[in-house]
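Coordinate inspection notes
Chain residues, written in single-letter form:
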Amino acid sequence: MLKIREVCKAFNNINVLKNISFDVEKSDILGCAGPSGCGKSTLLRCIQKLEIIDQGTIESNGRVCFMFQDFQLFPHMTVFQNLTYAPTLKNKNKKEDYQKQAVKILEDLGIESKANIYPGALSGGQKQRVALARSLMTNPDILLCDEPTSGLDVSTTMDVVSLLKSINEQFGVTMVIASHDLDFLTKISDRIILLKNGTITIDINAQEWNDPVNFLKAYY
């Protein structure tokens, strides 16, 4: 589904990613852990082609969608408009189909009552669901999530875990999730890679360890 080989990326002569290589199989959830500045977000942006790599190759099968850390919802549009704006702009002939799709996705994510609300009136967890709903409007094969639990409390974080797992199971969406929250990543990921100083220092199956959080912390 996703193949990354010897990827390098530098900014202002500072090497942010150094010879990164790994595969992600279809429907897997890969967690990308590491301290701030380790290259997690840059890696996701390179996969999405928001950044151009300096060396190496990135191959993906299917549509890739990026869910930003700050959600990037349009503040002057309702939740429903946020979901339907881009697809309708691209293909006006399918406006009614996109509207029906938006209604279904909002129902699936339990936020259909927020359809006519503006983002400024939503909680952090609700904004997260809207951002995810907007991503699902593109029918992604691979979903890239950058710090999806940033700023959320423990209860809401667990909601995000359940939500992303349900999306993975229901739609078979492959996911790469970057986060500094090891507890969150070990709960949701099939596998976790740990980035440090631009390189992968650990690559483990999160479900095979009794205490993966403390194991990973030892390598921070």
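Preceding block: the structure.
The paragraphs below set out a description of the structure included in this document.

Calculation criteria
- Residues numbered from 1 in each chain as written.
- Predicted model: local features only at pLDDT ≥ 70, side-chain atom pairs only at ≥ 80, totals over all residues.
- Heavy atoms only, no water.
- 1 Å grid on protein atoms, 1.4 Å probe; cavity = no way out; pocket = protein on both sides within 12 Å on 5 of 7 lines; lining within 4 Å.
- Points joined across faces, edges and corners; volume = space filled by probe spheres on them.
- Nonpolar A, V, L, I, M, F, W, Y, C, P; charged D, E, K, R; others polar.
- Pairing = 2+ DSSP bridges.
- Helix = DSSP H or I, 4+ residues; strand = E, 2+ residues; numbered from the N terminus.
- Axes fitted to C-alpha atoms, helices over the stretch in contact; angles between N-to-C directions.
- Core = buried A, V, L, I, M, F, W, Y, C linked by side-chain atoms within 4.5 Å.
- Buried < 20%, exposed > 50% of the residue type's maximum accessible area, 1.4 Å probe, protein only.
- Contact = heavy atoms within 4.5 Å.
- Salt bridge = Lys/Arg side-chain N within 4 Å of Asp/Glu carboxyl O.
- Parallel < 35°, antiparallel > 145°, perpendicular 65-115°, else oblique.
- Left-handed = near helix turned anticlockwise from the far one by under 90°.
- Expected span 1.5 Å × (residues − 1).
- Arc of directions from axis to C-beta.

**What about the layout of surface pockets?**
Space inside the largest pocket adds up to approximately 570 Å³. Along its surface, the largest pocket is lined by 23 residues, and Ala86, Pro87, Arg134, Met137 and Thr138 are the ones closest to its centre. Tallied by class, the residues present in the lining of the largest pocket amount to 14 nonpolar, six polar and three charged.

**Concerning the sheet that holds strand β2 (residues 14-24)**
Spatially, the three strands line up as an open sheet ordered β2-β1-β4, and their pairing is antiparallel. In this open sheet, the two strands that pair with only one neighbour each are β2 and β4 (55-60). The mean angle between the axes of side-by-side strands here comes to 25°, regardless of whether they run parallel or antiparallel. Where strand β1 (residues 2-11) lies against β2, seven bridges are found, and the strand directions are antiparallel. By the bridge assignment, Val7 is partnered in β2 with Ile20.

**Some details on the nonpolar core**
Counting 45 residues, the largest nonpolar core has Leu109, Leu132 and Ile177 as the members making the most contacts within it. Setting aside its immediate chain neighbours within four residues, Leu109 contacts Arg129, Leu132, Ala133, Leu136, Leu163 and Ile167. In this structure, Leu2, Phe22, Val24 and Cys46 belong to the second largest nonpolar core, which totals 25 residues.

**Comments concerning the pattern of salt bridges**
A side chain of one charge can pair with a side chain of the opposite charge if their charged atoms are brought near each other. Per the stated rule, a full pass over the model turns up seven salt bridges. Two residues, Asp23 and Arg5, come together in a salt bridge whose shortest N-O distance is 2.6 Å. Placement of the pair is Asp23 in strand β2 and Arg5 in strand β1, with a sequence separation of 18 residues. For Asp23, a relative accessible area of 26% translates into the label partly exposed. For Arg5, a relative accessible area of 35% puts it in the partly exposed group. Here Asp183 makes a salt bridge to Lys187, at a shortest N to O gap of 2.9 Å. Of this pair, Asp183 and Lys187 both sit in helix α6 (residues 182-188), four residues apart, roughly one helical turn. Exposure remark for Lys187: the relative accessible area of 31% places this residue in the partly exposed category.

**Re the packing of helix α2 (residues 79-90) against helix α4 (residues 124-136)**
Contact pair α2 / α4: the axes reach a minimum separation of 9 Å and the direction vectors enclose 25°. One way to sum up the angle between α2 and α4 is to call them roughly parallel. The handedness of the crossing between α2 and α4 is right-handed. Contact residues: Val79, Asn82 and Leu83 in α2; Val130, Ala133 and Arg134 in α4. For the contact of α2 with α4, a count of residues per class yields four nonpolar, one polar and one charged.

**Points about helix α3 (residues 95-108)**
The first and last C-alpha atoms of α3 sit 20 Å apart over 14 residues, in line with the 20 Å expected at 1.5 Å per residue. By the burial criterion, the buried members of α3 are Tyr98, Gln101, Ala102, Ile105 and Leu106. Along the long axis of α3, the arc covered by the buried residues comes to 130°, so they all point the same way. Opposite the packed face of α3, turned more than 90 degrees from it, sit the exposed residues Glu96 and Lys100. Contact partners of the buried residues in α3: α2 and α4. Taken from the residues just after α3, Gly110 is the one with a positive phi, measuring 70°.

**A word on unusual backbone geometry**
Notably, Asn12 is not glycine yet its phi reads approximately 50°, a positive angle. Here Asn12 lies in the loop between β1 and β2. Assessed through its relative accessible area of 76%, Asn12 is described here as exposed. One non-glycine residue, Asn197, lies in positive phi territory at about 55°. Mapped onto the fold, Asn197 is located in the loop between β8 (191-196) and β9 (199-205). The exposure class assigned to Asn197 is exposed, which follows from its relative accessible area of 57%.

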